[in-house]
Amino acid sequence: MLNLTERLTQPGVLVADGATGTMLQRAGLPRGMAPERWNLENPQAIRDLHTGYIQAGADVILTNTFGGTHFRLERDGLATKVRDINQAAARLAREVAGEDVFVFGDIGPIGALLKPFGKVTYDEARAAFEEQTAGLVKGGVDAILIETMGDINEARAAVDGARQVSDLPIIVTMSFDKHGHTVMGITPTQAIQELWALDLAAVGANCGRTLSETLTAIEEMRHSVPAATLMAKPNAGLPHVQPGSQLVYDVTPEIMGEYAIKFSELGVKIFGGCCGSTPDHIRSIAQALKNR
């Protein structure tokens, strides 16, 4: 199999997987429990999660490590197990993926503001991302995905931390709201211009509120830096609470497949789903892109 950098120069779109947290909750993960705990305590559930997406047509799966820094894990009493949890997650994904599917080591925000807006220093954040990346690399990931970022400075700290322990390709995706900014006021233009200059494998947008808003962010990125390699992983719309406190997202697999074409027409090279997306959504994406 070509490495990721080579694959991104080839025609076509890599299909990424869908949601992790919502799918694990369907499998029985208690509300409020860190999903990363199951990398050690319920590994079969993680294998099943990855298998479902691969069978649906995913070319890329993400490790179950969105909250894998010590900042987030300490909330669940797991701060001393950062490397074990991340390494286990990577090994589980690698075991299922084999040599035919890419494994992205998933890194999310630390969940605390960096100075001057908060108390965490840049170096503290960088060290946390370095520790997490070390575990992911030891477990055998193909690339590092830094996702759902709102603060460009935190994204830089994550890139710096990852590069302390790895020369793997790095991708960064930001999350934009209905006003076209991240929670820290970053626009898609600012994000792509600053991040693409860091010699990343791809830059893009994930999560967000709606498919159309994420599409608009990608359009702005494409216009701002035409040569950039782009990734998009939007939510399956907005969640609604149904009787029994079950969250249901409003975007059907068919709609997600239709939007996959729209994103691919903007030159997006990696496309999948975020919150609320299921193997059915990924199957629809894969089929739509195959038949376009």
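Refer to the structure presented above.
Nothing here was measured: the structure is a model prediction, and the numbers come from that model. (Residues numbered from 1 in each chain as written. Predicted model: local features only at pLDDT ≥ 70, side-chain atom pairs only at ≥ 80, totals over all residues. Heavy atoms only, no water.)

1. A short note on the packing of aromatic side chains
No. 1: For the structure on display, the rule yields one aromatic pair.
No. 2: Centroid distance F263 to F271: 4.8 Å. Interplanar angle 35°. Geometry classified as tilted.
No. 3: Residue classification places F271 among the buried positions, given a relative accessible area of 1%.
No. 4: One residue, K262, lies across the ring of Y259, its end atom 4.2 Å from the ring centre. (Phe/Tyr/Trp six-rings, centres within 6.5 Å; stacked < 30°, edge-to-face > 60°. Buried < 20%, exposed > 50% of the residue type's maximum accessible area, 1.4 Å probe, protein only. Lys NZ or Arg CZ within 6 Å of the ring centre and 35° of its normal.)

2. Points about the packing of helix α11 (residues 253-265) against helix α12 (residues 279-291)
No. 1: Between α11 and α12, the shortest axis-to-axis distance is 8 Å and the interhelical angle comes to 45°. Between α11 and α12, the interaxial angle falls into the category oblique. Of the two possible hands of crossing, α11 and α12 adopt the one that is right-handed. In this structure, α11 contributes P253, E254, M256, G257, A260, I261 and S264 to the contact, and α12 contributes D280, H281, S284, I285, A288 and L289.
No. 2: Taken together, the residues of the contact of α11 with α12 sort by class into seven nonpolar, four polar and two charged. (Axes fitted to C-alpha atoms, helices over the stretch in contact; angles between N-to-C directions. Helix = DSSP H or I, 4+ residues; strand = E, 2+ residues; numbered from the N terminus. Parallel < 35°, antiparallel > 145°, perpendicular 65-115°, else oblique. Left-handed = near helix turned anticlockwise from the far one by under 90°. Contact = heavy atoms within 4.5 Å. Nonpolar A, V, L, I, M, F, W, Y, C, P; charged D, E, K, R; others polar.)

3. Thoughts on the sheet that holds strand β4 (residues 143-149)
No. 1: Within the open sheet, the eight strands sit side by side as β1-β10-β7-β6-β5-β4-β3-β2. Their pairing is parallel. Since the sheet does not close on itself, it has two edges, and those belong to β1 (14-15) and β2 (60-62), each with one partner.
No. 2: Across the face of the sheet, helix α8 (residues 152-165) comes into contact with β4 and β5 (170-174) while running at roughly 165° to β5.
No. 3: Across the sheet, helix α9 (residues 188-196) lies against β5, β6 (202-207) and β7 (230-234), angled at about 140° from β6, the strand it touches most. (Pairing = 2+ DSSP bridges.)

4. Digging into the nonpolar core
No. 1: With 76 residues, the main nonpolar core has I146, V172, M174, L195, I218 and F271 as its most contacted residues.
No. 2: Those residues in contact with L195 that lie beyond four places of it in its chain are I152, A155, V172, M174, L200 and V203.
No. 3: The next biggest cluster of nonpolar side chains, apart from the first, holds 15 residues, and it includes L14, A16, L145 and I270. (Core = buried A, V, L, I, M, F, W, Y, C linked by side-chain atoms within 4.5 Å.)

5. Comments concerning the layout of surface pockets
No. 1: A volume near 770 Å³ is recorded for the largest pocket.
No. 2: Along its surface, the largest pocket is lined by 30 residues, and G21, P35, E36, F66 and C275 are the ones closest to its centre.
No. 3: If you list the elements that add at least two residues to the lining of the largest pocket, you get α2 (21-26) and β4.
No. 4: By residue number, the principal contributor to the lining of the largest pocket is α2, which donates three residues.
No. 5: For the lining of the largest pocket, the residue count by class is eleven nonpolar, eleven polar and eight charged. (1 Å grid on protein atoms, 1.4 Å probe; cavity = no way out; pocket = protein on both sides within 12 Å on 5 of 7 lines; lining within 4 Å. Points joined across faces, edges and corners; volume = space filled by probe spheres on them.)

6. Here we look at the packing of helix α10 (residues 211-224) against α11
No. 1: Relative to each other, α10 and α11 sit at 10°, their axes nearing to 11 Å. In terms of axis orientation, α10 runs roughly parallel to α11. Facing α10, whose interface residues are L211, S212, T214, L215 and I218, α11 presents I255, M256, Y259, K262 and F263.
No. 2: Tallied by class, residues from the contact of α10 with α11 come to seven nonpolar, two polar and one charged.

7. Comments concerning unusual backbone geometry
For residues that are not glycine, phi is negative in most cases, and the peptide bond is trans in most cases.
No. 1: Residue P116 follows K115 across a cis peptide bond; omega there is 10°.
No. 2: For P116, the location among the structural elements is in the loop between β3 (102-107) and α7 (122-139).
No. 3: Despite not being glycine, T148 shows a phi value in the positive range, around 60°.
No. 4: Inspection of the secondary structure puts T148 in strand β4.
No. 5: At C207, a position not held by glycine, the phi torsion is positive, near 60°.
No. 6: Among the secondary structure elements, C207 is positioned in strand β6.
No. 7: Classification of C207 by relative accessible area gives buried; the value is 16%.

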